[in-house]
Amino acid sequence: LNPDFADASKVFIVYCSSDSHAGSKVKSADDKWHFGGKAIVSAVVSELLTKHSLNDAAHVVVKGGSAGGMATFLNTDFIADSIKSHQPSASVFGFPDAGFFLDVMPYRVCDKPDVYECLCSHSLTCGIESLSEQMMKMWRYTSTIPDDNCAQTHGKWGAWRCALGQYAIPHIQAPVLINQMQTDSWQAFWDGFSNRTDTGENEYATWFRTQSQNLLRAGVDQNPHHAVFSPNCFIHTFSTSQSFWSITIDGISSRDALGAFVFKQEKVPRISLTNVRGFNAAMAAKLRYDRG
């Protein structure tokens, strides 16, 4: 039994817009694609407020994993403002899971050339692409609507950065608990460092893990309302599996951290970063937790 959220209601917004729930592009004669993620989020929240008693909620957690984690950075304040316009006393929190994508130079071209994310990189068209380059393309192609505070800071031509947690988190007003592995397995796939037998990839993985820890700490340090829970296992999302309960830092799980964050319990530190270092250690931790 989840002691803090056992009687909570849960709403799942299906990811059908391919734009991290933030696009606003209407198809035209020159372009057949339509991206309406932001309108979908707005419509869902509006219906919940008017038809399903969201306006009576005392605590609301905005949560997403992977691309949904990125969407959490892009939409938490937007959703909080919508709810608070009906219920000013509501407490709204963000909980991005594995959505803190780093703006780094990849080690090599991404793994698995037949996977859709890598098709362009493995062709003669793109070559090695960083996530920042991908974000710029997504921004233009989907007409992403970012968080207002972040966009004002970075300006029209820099607002693409607001999709990346390291740039977004200082500007989000609602309290956010970042749930993030330091050696994230999807980013290892994208940035080309998933082979632990390769000396160069091990070196890059150690550097990447250090960058993750430093950027997570720096982002949270800039806003005392934010917090971070960050183990070092070779996993991507971990709030929708047994790992939510079983992976711990000093005896505290992600579930414990979320409950303490939302209900202001003092038992969990605001910054929980494991000191388990190295790629092989992260892989070993993953295997240990997979086996129970």
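Scroll up for the structure.
Quick summary incoming for the structure in this document. Note that the structure is a prediction, hence the values are computed from the model and not measured. (Residues numbered from 1 in each chain as written. Predicted model: local features only at pLDDT ≥ 70, side-chain atom pairs only at ≥ 80, totals over all residues. Heavy atoms only, no water.)

1. Considerations on the pattern of salt bridges
Applying the stated rule across the entire model yields five salt bridges. Among the ionic pairs, glutamate 201 bridges to arginine 108, the shortest N-O distance being 2.8 Å. A residue pair is termed long-range when its members are at least 10 positions apart, and glutamate 201 in helix H7 (residues 199-221) and arginine 108 in the loop between strand E2 (91-97) and helix H3 (131-142) qualify at 93 residues. The class for glutamate 201 is buried, based on a relative accessible area of 5%. In this structure, glutamate 129 engages lysine 137 in a salt bridge whose closest nitrogen and oxygen atoms are separated by 2.3 Å. Here the salt bridges share partners, and the residues they tie into one network are Asp4, Arg255 and Asp256. (Salt bridge = Lys/Arg side-chain N within 4 Å of Asp/Glu carboxyl O. Helix = DSSP H or I, 4+ residues; strand = E, 2+ residues; numbered from the N terminus. Buried < 20%, exposed > 50% of the residue type's maximum accessible area, 1.4 Å probe, protein only.)

2. Some thoughts on the packing of aromatic side chains
What the rule picks out here adds up to 14 aromatic pairs. Ring geometry for tryptophan 186 and phenylalanine 189: centres 5.6 Å apart, planes at 70 degrees, overall edge-to-face. Of the two residues, tryptophan 186 and phenylalanine 189 both sit in helix H6 (residues 185-191), three residues apart, roughly one turn of that helix. We classify tryptophan 186 as buried; its relative accessible area is 19%. Put simply, the rings of Tyr107, Phe193, Tyr204, Trp207 and Phe208 touch in pairs and so form one group of aromatic residues. When the ring centre of tyrosine 141 is taken as reference, the NZ or CZ atom of lysine 25 above it lies at 4.2 Å. (Phe/Tyr/Trp six-rings, centres within 6.5 Å; stacked < 30°, edge-to-face > 60°. Lys NZ or Arg CZ within 6 Å of the ring centre and 35° of its normal.)

None of this, on its own, says anything about what the molecule does.
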